[in-house]
Amino acid sequence: MRIVADENIPLLESFFGDIGEIRPVSGRTMSAADVQNADILLVRSVTRVNQALLEGSRVRFVGTCTIGTDHVDQKWLESSGIAFSAAPGCNANSVVEYVLSVISLHAEKRGVADWSKLSVGIVGAGNVGGELAHKLDRLGFNVRLCDPPRAEREGDEGEEYVGLDEAMACDVVTLHTPLTREGEHATFHMFGQERLSSLTEDQLLINTSRGEVIDTSALLARLEAPNAPTVVLDVFEHEPRVHAELVEKVWLSTPHIAGYSLEGKVQGSEMVYQALSRYMGLPARKKAGQFLPEPALNKLSFTSAAEEMASANIAIRSCYDPRQDDARMRLAMALPSEDRAQAFDRLRRDYPVRREFSSLKIQLKGTSKSMQDTFRALGFKLKL
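Everything numeric here is computed off the predicted structure, so don't read it as measured data.

Remarks on the overall build of the protein
On a plain count of helices and strands, the protein comes out with 16 helices and 14 strands. In terms of overall dimensions, the protein is globule-like: its C-alpha atoms have a radius of gyration of 21 Å, near the 21 Å expected for 384 residues. The buried share among the 384 residues of the protein stands at 53%. When contacts within the protein are restricted to residue pairs at least 6 apart in sequence, those whose partners lie at least 24 apart make up 62%. In the structure as shown, the protein presents an accessible area of about 17200 Å², 46% of it carried by carbon and sulfur atoms.

What to know about the sheet that holds strand 10 (residues 230–233)
Each strand in a sheet pairs with another by means of backbone hydrogen bonds, the pair being arranged parallel or else antiparallel. Taken in spatial order, the 6 strands line up as 7-6-8-9-10-11 in an open sheet, and their pairing is parallel. The open sheet terminates on both sides in strands that have one partner only, identified here as strand 7 (142–146) and strand 11 (252–253). Two strands pair when backbone bridges link them, and strand 8 (residues 172–175) and strand 9 (residues 204–207) are joined in this way by 4 bridges, in the parallel orientation. The residue of strand 9 that forms the bridge with Val173 is Leu205. The strands that helix 5 (residues 92–110) touches are strand 6 (119–123), strand 8, strand 9, strand 10 and strand 11; relative to strand 9, the one it contacts most, it runs at about 160°.

So, the pattern of salt bridges
Tallying each qualifying case throughout the model produces 16 salt bridges. Salt-bridge contacts for Glu263 lead to Arg355; the nearest nitrogen and oxygen are separated by 2.9 Å. Here the residue Glu263 occupies a position in helix 12 (residues 262–280), and Arg355 occupies one in the loop between helix 15 (340–349) and strand 13 (361–364), the gap between them amounting to 92 residues. By relative accessible area, Arg355 is classed as buried at 12%.

Regarding the side chain of Asn313
As for its position among the elements, Asn313 is in helix 13 (residues 308–319). The contact partners of Asn313, leaving out residues within four places of it in the chain, are Ser104 and Glu108.

Some points on the packing of helix 5 against helix 6 (residues 127–138)
Where helix 5 contacts helix 6, the axes come no closer than 9 Å and their chain directions differ by 50°. It follows that helix 5 is oblique to helix 6 by the angle criterion. Relative to helix 6, helix 5 is oriented so that their crossing is right-handed. Every residue of helix 6 that contacts helix 5 at Ala92, Asn93, Val95, Val96, Glu97, Val99 and Leu100 is listed here: Asn127, Val128, Glu131, Leu132, Lys135 and Leu136. Split into classes, the residues belonging to the contact of helix 5 with helix 6 amount to 8 nonpolar, 2 polar and 3 charged.

Description of the nonpolar core
Counting residues in hydrophobic clusters, the biggest one holds 49 residues, and the most contacted among them are Leu100, Ile103, Trp115, Ile362, Leu378 and Phe380. Taken together, the elements giving at least two residues each to this core come down to helix 5, strand 6, helix 6, strand 9, strand 12 (299–302), helix 13, strand 13 and helix 16 (369–378). With 10 residues, the top contributor of residues to this core is helix 5. By size, the runner-up hydrophobic cluster in this structure holds 33 residues, among which are Val173, Leu199, Val213 and Ala218.

Focus: helix 16
Among all positions of helix 16, only Met371, Gln372, Thr374, Phe375, Ala377 and Leu378 are buried. Where helix 16 ends, the next residue or the one after it, Gly379, has phi of about 105°, a positive value.

Things to note about the packing of aromatic side chains
For the coordinates displayed, the defined rule picks out 11 aromatic pairs. For the ring pair Phe16 and Tyr273, a centre distance of 6.2 Å and an interplane angle of 75° mean the geometry is edge-to-face. Taken together, the positions of Phe16 in helix 1 (residues 12–16) and Tyr273 in helix 12 put the pair 257 residues apart, joining distant regions of the chain. One aromatic cluster is present, formed by Phe15, Phe16, Tyr273 and Phe291 through successive ring pairs. Seen from the ring of Trp251, Lys109 lies directly overhead, with NZ or CZ sitting 5.2 Å from the centre. In this structure, Arg354 packs its charged tip against the face of Tyr320, placed 4.1 Å from the ring centre.

Calculation criteria
Residues numbered from 1 in each chain as written. Predicted model: local features only at pLDDT ≥ 70, side-chain atom pairs only at ≥ 80, totals over all residues. Heavy atoms only, no water. Helix = DSSP H or I, 4+ residues; strand = E, 2+ residues; numbered from the N terminus. Rg over C-alpha atoms; globule rule 2.2 N^0.38 Å. Buried < 20%, exposed > 50% of the residue type's maximum accessible area, 1.4 Å probe, protein only. Contact = heavy atoms within 4.5 Å. Areas by Shrake-Rupley, 256 points an atom, 1.4 Å probe, with all protein chains shown as cover. Pairing = 2+ DSSP bridges. Axes fitted to C-alpha atoms, helices over the stretch in contact; angles between N-to-C directions. Salt bridge = Lys/Arg side-chain N within 4 Å of Asp/Glu carboxyl O. Parallel < 35°, antiparallel > 145°, perpendicular 65-115°, else oblique. Left-handed = near helix turned anticlockwise from the far one by under 90°. Nonpolar A, V, L, I, M, F, W, Y, C, P; charged D, E, K, R; others polar. Core = buried A, V, L, I, M, F, W, Y, C linked by side-chain atoms within 4.5 Å. Phe/Tyr/Trp six-rings, centres within 6.5 Å; stacked < 30°, edge-to-face > 60°. Lys NZ or Arg CZ within 6 Å of the ring centre and 35° of its normal.

These values are about where atoms sit, not about what they do.
Rendered as structure tokens:
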């Protein structure tokens, strides 16, 4: 059994080594010649999986260790009798923690002492948007969920959804939609000139979904105009060829790594391993938890003298501070234009280990119930 896999999939050998011979290759440059003699193909989001890649190959199973599937031609796979599996929700919590860290920085920058006073419009209520809404609700935020397709499917039985205009009136607007190009609710360039012009300098726009959801040209023009919003981008059109001028103009930019916590990446590998095991009729004995190393930082302690929001900020940024990724991104975009795409991919390939909030134990001595509830809602482990 021959397995061709994106070299950036974590724990390839640990999860799949017993199933077959693994040949790791670059996901960005993977070609039909690379997969010609493969039986199993494992990818991430940078590989286009379609007829051009797989026709004439021996591949009978394709797994993508990612939430998104817009890089995979599932209709062609089905028509060709090729099994397919993704990892929906694998890194949802990682993206949620990215957004929470950004919001905490934004509140601090704006001088907002209680970040829950900020209203948050979530566009897209899938695995990520739904989990973000749940955490923000527990933290006391005013949350407005916008997801027209889901609202139509669920009707009165589902969540309370609002229209896009209402979500865009919030202090923070965060995008978590899939990329779709057809239909009434297509998301390609959903945020163009008209919608971007409605955002003001008092608002924060975050995109961790797909770069193509925002029209780059329209966003550049809006950022150059008066009263422009604060913008944070983790995704870009035409990756890895990122528009360097856009990076200069946004507040924070990161190289498509919002979901790159170690826990999220390993869970993606585990979910595809489980699906492949089912497909092959093999027992799935391996779990992500058995491969996770001890975190570099495993405990923080706060006393009764600690202030709630300041303490939460310390804990959040001890696990993840997006300003570090922003600094690396700006250095990469300062390189000669012909070197930037490779530098962008290197930032993703060589991404440093990042652990989720749950890896950090928080000791609270004599603190208030409110402070304890905040840390629990964020997902930290508490020691009282």
